[in-house]
Amino acid sequence: MIVTTKELFAAAYGKFSIGAYNINNMEQILGLFRGNQQSKAPFILQISRGARKYAGKQILEALIRECDKMFPDVIFAVHLDHGDEDSAHDSIDSGFYSSIMIDASMESFEKNVEITKRVVDHAHEKGIRVEAEIGQLGGVEEHIAVDEANAHLTDVEEAKKFVEMTGCDSLAVAVGTSHGAYKFSGSQKIHFDRLQELNKALPGLPMVMHGSSSVPQEEVQRIEAAGGKLSGAKGVNENDLRDVHKYGVVKINIDTDGRLIWTSVHREYLRDKPAGIDLRDPGKQYMEEYANFIAHKNEVFGSANQIDAVKELLKK
Ligand code: G3H
Ligand code: 13P
Ligand code: ZN
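Structure report, in brief.

Parameters at a glance
- Residues numbered from 1 in each chain as written.
- Chains lettered and ligands numbered in written order.
- Predicted model: local features only at pLDDT ≥ 70, side-chain atom pairs only at ≥ 80, totals over all residues.
- Heavy atoms only, no water.
- Helix = DSSP H or I, 4+ residues; strand = E, 2+ residues; numbered from the N terminus.
- Rg over C-alpha atoms; globule rule 2.2 N^0.38 Å.
- Buried < 20%, exposed > 50% of the residue type's maximum accessible area, 1.4 Å probe, protein only.
- Contact = heavy atoms within 4.5 Å.
- Areas by Shrake-Rupley, 256 points an atom, 1.4 Å probe, with all protein chains shown as cover.
- Lys, Arg positive; Asp, Glu negative; His and termini not counted.
- Charge placed at Lys NZ, Arg CZ, Asp CG, Glu CD.
- Arc of directions from axis to C-beta.
- Donors = N, O, S within 2.8 Å, 3.2 Å for Na, K, Ca; no water.
- Near = heavy atom within 4 Å.
- Polar contact = N/O pair within 3.5 Å; in protein donor to acceptor, adjacent residues only side chain to side chain.
- Salt bridge = Lys/Arg side-chain N within 4 Å of Asp/Glu carboxyl O.
- Nonpolar A, V, L, I, M, F, W, Y, C, P; charged D, E, K, R; others polar.
- Patch = residues over 30% accessible without salt bridge, like charges linked within 9 Å, V, L, I, M, F, W, Y side chains within 5 Å.
- Pairing = 2+ DSSP bridges.
- Right-handed = clockwise from strand over helix to strand, strands pointing away.
- Axes fitted to C-alpha atoms, helices over the stretch in contact; angles between N-to-C directions.
- Left-handed = near helix turned anticlockwise from the far one by under 90°.

**Points about the overall build of the protein**
Consideration 1: In terms of regular secondary structure, the protein is built from twelve helices and ten strands.
Consideration 2: For 316 residues, the compact-globule formula gives about 20 Å, and the C-alpha radius of gyration of the protein, at 19 Å, lands near that figure.
Consideration 3: Dimensions along the principal axes, computed over C-alpha positions, put the protein at roughly 60 × 50 × 35 Å.
Consideration 4: Each of the 316 residues in the protein was classed as buried or not, and the buried ones make up 55%.
Consideration 5: Considering only residue pairs separated by 6 or more positions, the protein has 77% of its internal contacts joining residues 24 or more positions apart.
Consideration 6: Counting only carbon and sulfur atoms, one obtains 52% of the accessible surface of the protein, whose full area is about 13900 Å².
Consideration 7: Positive and negative side-chain charges in the protein, numbering 37 and 48 respectively, have mean positions lying 3 Å apart.

**What about helix 1 (residues 5-12)?**
An α-helical segment advances 3.6 residues per turn. Residues three or four places apart therefore align on the same side.
Consideration 1: Those residues of helix 1 that sit buried are Thr5, Leu8, Phe9, Ala11 and Ala12. Down the axis of helix 1, the smallest arc covering the buried residues is 160°, so these residues share one side.

**Points about the coordination of the zinc ion (ligand 3)**
Angles at a metal have ideal values that depend on geometry: 109.5 degrees with four tetrahedral donors, 90 or 180 degrees with six octahedral donors.
Consideration 1: Surrounding the zinc ion (ligand 3) are the protein donor atoms His82 (NE2), His179 (NE2) and His210 (ND1), which sit 2.1 Å from the metal.
Consideration 2: Each donor residue of the zinc ion (ligand 3) belongs to the same chain, and together they define the spacing H-x96-H-x30-H. Here His179 lies in the loop between strand 8 (170-173) and helix 8 (192-201) and His82 lies in strand 3 (residues 76-83), a separation of 97 residues in the sequence.
Consideration 3: In this structure His82 comes out as buried when scored by relative accessible area, which is 10%.

**A short note on the site of ligand 2**
Consideration 1: Around ligand 2, a shell composed of 15 residues is seen, among which Asp81, Lys183, Ser213, Asp255 and Thr256 lie nearest.
Consideration 2: The contact in question runs from an oxygen atom of ligand 2 to an N or O atom on the backbone of Asp255, over 2.6 Å.
Consideration 3: For ligand 2, whose free accessible area comes to 310 Å², the fraction covered by protein is 97%.
Consideration 4: Only strand 3 and strand 10 (249-254) provide two or more residues apiece to the shell around ligand 2.

**What about the pattern of salt bridges?**
Consideration 1: According to the stated counting rule, one finds 22 salt bridges in the structure shown.
Consideration 2: The shortest N-O distance in the salt bridge between Asp90 and Lys57 comes to 2.8 Å. Residue Asp90 is located in helix 5 (residues 85-94), and its partner Lys57 is located in helix 4 (residues 57-70); the two are separated by 33 residues in the primary sequence.
Consideration 3: A residue is classified by how much of its surface remains accessible, and Asp90, at 30% relative accessible area, is partly exposed.
Consideration 4: Assessed through its relative accessible area of 33%, Lys57 is described here as partly exposed.
Consideration 5: Asp255 is the salt-bridge partner of Arg259, the closest N and O atoms lying 2.9 Å from each other.
Consideration 6: You can call Asp255 buried: its relative accessible area is 18%.
Consideration 7: Sharing partners across several salt bridges, the network here consists of Glu219, Arg222, Glu268 and Glu289.

**A few points about the site of ligand 1**
Consideration 1: In the vicinity of ligand 1 there are eight residues, among which Ser48, His82, His179, Asp255 and Arg259 approach most closely.
Consideration 2: Contact between ligand 1 and Ser48: an oxygen atom at 2.6 Å from a side-chain N or O atom of the residue.
Consideration 3: Within the side chain of Arg259, an N or O atom sits 3.0 Å from an oxygen atom of ligand 1.
Consideration 4: In the complex, 79% of the free accessible area of ligand 1, which totals 300 Å², lies under the protein chains.
Consideration 5: Taken together, the residues of the shell around ligand 1 break down into no nonpolar, four polar and four charged.

**What about a negative patch on the surface?**
Consideration 1: A cluster of acidic residues, Glu110, Asp155, Glu157 and Glu158, forms a negative patch at the surface.
Consideration 2: Tracing the chain through its elements places Glu158 in helix 7 (residues 156-166).
Consideration 3: Its relative accessible area of 32% is what places Glu158 among the partly exposed residues.

**A few points about the pairing of strand 1 (residues 18-22)**
Consideration 1: In terms of residue burial, strand 1 counts as a mostly covered element, since five of its five residues are buried.
Consideration 2: By the bridge criterion, four bridges tie strand 1 to strand 10 in an arrangement that is parallel. Looking at strand 10, one finds that Tyr21 is bridged to Ile254.
Consideration 3: Two elements, strand 1 and strand 2 (residues 43-48), share three bridges in a ladder whose sense is parallel. Bridge pairing in strand 2 places Ala20 opposite Ile44.
Consideration 4: At this point the chain moves from strand 1, through helix 2 (residues 26-39), to the parallel strand 2, and the crossover so formed is right-handed.

**With respect to the packing of helix 1 against helix 12 (residues 307-315)**
Consideration 1: At their nearest, the axes of helix 1 and helix 12 sit 10 Å apart, and the two run at 115° to each other. Like other packed secondary-structure pairs, helix 1 and helix 12 cross with a definite hand, here right-handed. In contact with Glu7, Leu8, Ala10 and Ala11 of helix 1, helix 12 contributes Val310, Leu313 and Leu314.
Consideration 2: Its residues assigned to classes, the contact of helix 1 with helix 12 comprises six nonpolar, no polar and one charged.

Encoded structure:
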């Protein structure tokens, strides 16, 4: 069942975090539904502009709506990840998305406020929730390269002003994580102190952690053993994410880890089955491994076995 992000956040706030997983194709969508069904977890399925362009937004919508029918016991929200103004307005009008992210964090404070406010006004008219971002993560976001060294953390006073001025419903904060497979070079780390300060200044406001893949070293080794090159790849220690719900983090974004599993499975298939030509063989294995990975992440985030709590809340 597709629910609003508002309902999921109400059930989770302060108690657990919800995994927000990026999908691009059928195998990821099926793996995601199976993994969440397995672990009885509510989840957020998120679609980036790149995914909409790659698979086609209608194809993704059709696949997800079919999965919604095939997995009637599963509860999830559909979210636009890192939207710009065009994709945000389009998703608001589509009637499919539960919530959208407008990411104007690369702009000046004033421009970020102006763009975000326009999107919030439109979204709220239609009952859609808005995630916005202030501060900049390191690493590479779609169309934006932010030098890790120059990445700046979310400023507490600015964040307060930003939320007041825009009316956004949740806030993506930059607290030291970054997108992609190469996080934390040198002395970089997650700034839990900043997260706590933000939570104190904005009590009750759902916060979102982007760039939270853990880049498991066993996955990196599998990829390298099968001919890939990922030396230096490093992610967030997943144990560091077990308690972030206590500081208002209700949504944790994961994309890269799913890409790593895809790469391991397909590299190994090509290495070990030189005569293999059936794309369904690695496809089946990927779906199974991805489903198991999702179930594991849900355990870490505390969302596993929370489906009944969400159902109870929905009855009220
Ligand atoms: O934060 C960005 C997500 O990992 C989405 O990546 O824009 O390449 O689909 P993408
Ligand atoms: P990762 O690159 O760490 O998976 O982050 C994904 C993300 O933040 C999507 O918005
Ligand atoms: Zn992100």
